[in-house]
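# Working through the structure, step by step
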Amino acid sequence: MRSQRRERGVVLLICLIVLVILLAGGVAVMRSMNTTLSSAGNLAFKRDLVNQGEQAGVKALALFNTGALSAVGADYNDAKASNYSAVRLDSNDRGIPLALLKDDLYNAKASDTIERTSDFVKIRYLIDRLCNTSGAASKSTCVYAPATTDVRGGSVQESGRPPPPKALVYRLSVRVDGPRDTQVFLQSSFTKPE
């Protein structure tokens, strides 16, 4: 008869250690995947809010084309109903108007907010004329940009032509609040549509 050898369990101990290491690796991979999915979801929310914010641009251009700000001189004074300020709004160090950051300041400057309750999206926007004073615009108190309607060629014969006219610059600032406390700020400058 052969003598029985006692098993010492070394192989079992090594297998248990390897299993614990694999379990820890699996947990790390799962957490990494969840973080990646959460980040991708947040990026999708932000991209959607940027697209939603375009509604404010459409509304602003409509005000200048056919709305309350389309008449000559209509932009000389503030128009709360149109979310319009004839004077440049105070901004923080990132260029965002303070009125978009604080509810009481926004309510003092604007009365229109675009809300999509089904999507939990709220769009706040402000239009400000880049001038230091209200009333008629002047080159000493307002920001002007070259008009884009004048196209020049490369001919030497055109060197005597006067420079193109300058157009007054306006700024559209938009704050879009969405689900999961997602928030996007958009800003663009434009001249009065002709």
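Everything that follows concerns the structure shown earlier in this document.
First things first, this report covers the structure right here in the doc. Residue positions within a chain follow its written sequence, with the count starting from 1. Local features in a predicted model are, by the rule used here, given only for residues with pLDDT of at least 70; side-chain atom pairs are given and counted only at 80 or more, and totals for whole chains, interfaces and linings are based on all residues. Water and hydrogen atoms were dropped before computing side-chain values, which therefore reflect all heavy atoms in the structure.

## Remarks on the overall build of the protein
Looking only at helices and strands, one finds three helices and six strands in the protein. Secondary structure elements of the protein, listed N to C terminal, follow the sequence α-β-α-α-β-β-β-β-β. Remark: exposure states derive from per-residue accessible area (1.4 Å probe, protein chains only) relative to the maximum for the residue type, with buried under 20%, exposed over 50%, and partly exposed in between. Residues counted as buried form 27% of the 194 residues belonging to the protein. Throughout, a residue-residue contact means that at least one pair of heavy atoms, one from each residue, lies within 4.5 Å. Across the protein, the fraction of contacts at a sequence separation of at least 24, relative to all contacts at a separation of at least 6, is 60%. Surface exposure here means Shrake-Rupley accessible area, sampled with a 1.4 Å probe, where a residue is shielded only by the protein chains that are shown. About 13300 Å² of surface is accessible on the protein, with carbon and sulfur atoms providing 57% of the total. Only DSSP runs of H or I reaching four residues or more are called helices, and only runs of E reaching two or more are called strands; each is numbered from the N terminus.

## Focus on unusual backbone geometry
At N83, a residue that is not glycine, the phi angle is positive and equals roughly 60°. Note on placement: N83 falls in the loop between α1 (10-65) and β1 (84-85). Given a relative accessible area of 0%, N83 falls into the buried group. The phi dihedral of F120 falls on the positive side, at around 60°, and the residue is not glycine.

## Side note on the nonpolar core
Working definition of a nonpolar core: buried Ala, Val, Leu, Ile, Met, Phe, Trp, Tyr and Cys residues. They are joined through side-chain atoms within 4.5 Å. The biggest cluster of nonpolar side chains holds 23 residues, and the ones touching the most others in it are F64, Y84, I123, Y125, I127, L172 and V174. Only α1, β3 (121-129), β5 (166-177) and β6 (183-191) provide two or more residues apiece to this core. The leading source of residues in this core is α1, at six residues. With seven residues, the next largest nonpolar core counts L89, I96, L100 and A110 among its residues.

## Here's the deal with the environment of N132
Looking at the element boundaries, N132 is found in the loop between β3 and β4 (144-146). Residue class for N132 comes out exposed when judged on its relative accessible area of 52%. Once you skip the residues sitting within four places of it in the chain, N132 turns out to touch V87, R88 and T141.

## Quick word on the side chain of S82
When you line up the elements, S82 lands in the loop between α1 and β1. We classify S82 as buried; its relative accessible area is 5%. Ignoring any residue separated from it by four or fewer positions in sequence, one finds S82 in contact with L63, A68, Y125 and I127.

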